[in-house]
Amino acid sequence: VVLGSFGSAAVVAADLTLTGFGTIGYARSEQDFKYLRYIDNSGTFKTDSLVGIQAEAQFNPQWSATFQAVASAPRTRDEGIEAKIRWAFVSFRPENDWLIRAGRVRPPVFINTQNAEVGVTYDQVRLPVEVYSLSPVYDMDGVAVTKTWTLANAEINLDAYWGKSDIKYRFHYQSEAPQPYFPEQITFKGLVLSQSSGALFLRGGVHYAKVAAEGSGPFPETYTPTPVPAPPPFGGNLYVPTGFMTKFDATVLTFGADWRAGDWRVTAEYGQRIITDTKLGPDSKSAYLTVARQFNKWIPYATYARLLSGSDTRDVYRGVNGTPVPLAAQGPPLFVPANFHRLLADQVSVYDQYSTMLGASYSIAATSKLKFEWMRTKVGLASSLVDGNAHNKSFNVLSISYSVAY
């Protein structure tokens, strides 16, 4: 549609650029529960492998169009593969210091958000999920505006964006049952300020999201303990969903810094989700620190990452998951199943984990990298990135990947 709107003569005159990128990656842990949907002791290629293609058409100094499609493990189910359009937007640059994009765009939330699927652009096997999973999706259908200030020794960019995205949010259950996906619509808007000055790059943003249930019915604000009058185990507290709603708001704060000094590189990023409408939502704080050093074509690195839900969310999860269903409630007239509290706890988006990663990348060429990584992750109370009961468990993940761009 974008190309056709310029007419056939403009299309012929356009400067067309076609590029591609891809990663084949294998990861394996020593546990039988699944991490990040696929990683377990059977090994998987699904977590990190993908292939993408991008086309850019420059019609004149002011107008251009960009299209990007990626084939990978699906975002809406656990089986098979899917190809999706990541980017499809038209760009208008009225002046050198202004850029307006409309269509399917990806705002620059974190340092590597816009290039997250192009593995040759960073050294880690995968970007720290403790931080980069802050949003289930970063692509949106909307508008993004960038204002640039060029100073003597620095460049400053201010990005403002607004858009919507339809997703299917996945819950990670403790049981072995199929993990469900619930349709949601997210409305995004935000401001991101970036500064690049020699060896130092800084980026910070304030983002606002409205998450609405789409066709899956209302969800509770919290679980309230209701006393069942009898001595335990016949009596006790029965948790019940209360305060039903169809949408909630989230305020997100992000900050990142990337510093280079000779062969050394230090990168740190922080993300915080502030959610007050519900105690079951993914209210959390997360951060990571990566230190890397280059030795010719080798770049070894060490990363520490942390992800922790807010205290209210952890308290609700701890209370529900740790309380047995009273025996009196399991009989007539209620007939509440014995695993009712566990099923409720599964629907709390709770996170309590940290990871240590030691790895290295080897630059085969300017457009290809081979990467190796050992990661050790410790789960405390629980983690909604794990399928199964990982309470107070540690596990190791070995990964190898090869990324290329052409």
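The rules behind these values
- Here the residue numbering is sequential within each chain, running from 1 through the sequence in written order.
- Reporting in this predicted model follows two pLDDT cut-offs: at least 70 for local features of residues, and 80 or more for side-chain atom pairs to be given and counted; totals over whole chains, interfaces and linings ignore these cut-offs and use all residues.
- With hydrogens and water set aside, each side-chain value is computed from the structure's full complement of heavy atoms.
- Here, nonpolar core refers to any group of buried Ala, Val, Leu, Ile, Met, Phe, Trp, Tyr and Cys residues whose side-chain atoms link them within 4.5 Å.
- The buried label applies to any residue whose accessible area, calculated with a 1.4 Å probe on protein chains only, is under 20% of its type's maximum; exposed applies above 50%, and partly exposed to all values in between.
- Whether two residues touch is decided by their heavy atoms; if any such pair falls within 4.5 Å, the residues are in contact.
- By definition, any uninterrupted DSSP run of H or I lasting at least four residues is a helix, any uninterrupted run of E lasting at least two residues is a strand, and each is numbered from the N terminus.
- The criterion for strand pairing is that DSSP finds at least two bridges linking the strands in question.

> Outline the nonpolar core, supporting the account with residue identities and numerical values.
Counting residues in hydrophobic clusters, the biggest one holds 49 residues, and the most contacted among them are Tyr35, Phe110, Tyr132 and Leu385. Not counting residues up to four positions away in its chain, the partners in contact with Leu385 are Lys34, Tyr35, Leu36, Val129, Ser133, His172, Leu307, Tyr351 and Gln353. Membership of the second largest hydrophobic core comes to 12 residues, among which are Leu280, Val316, Tyr317 and Val350.

> For unusual backbone geometry, give the residues involved together with the corresponding values.
Geometrically, the link from Pro232 to Pro233 is a cis peptide bond, its omega value of 5° lying close to zero. Residue placement: Pro233 occurs in the loop between strand E11 (222–228) and strand E12 (236–242). The phi dihedral of Phe335 is positive, around 55°, even though this residue is not glycine. Mapping Phe335 onto the fold places it in the loop between helix H5 (327–330) and helix H6 (340–346). Under the relative-accessibility criterion, Phe335 is labelled exposed at 56%.

> Describe in detail the pairing of strand E8 (residues 155–170), supporting the description with residues and values.
Both strand E7 (residues 140–150) and E8 contribute to a ladder of 10 bridges, which runs antiparallel. Looking across to E8, one finds that Asp141 is bridged to Lys164. Connecting E7 to the next strand, E8, in antiparallel fashion are four residues. The sheet contact formed by E8 and strand E9 (residues 181–197) spans 16 bridges and is antiparallel. Bridged to Ile167 within E9 is Glu184.

As far as function goes, none of this settles anything; it's purely spatial.
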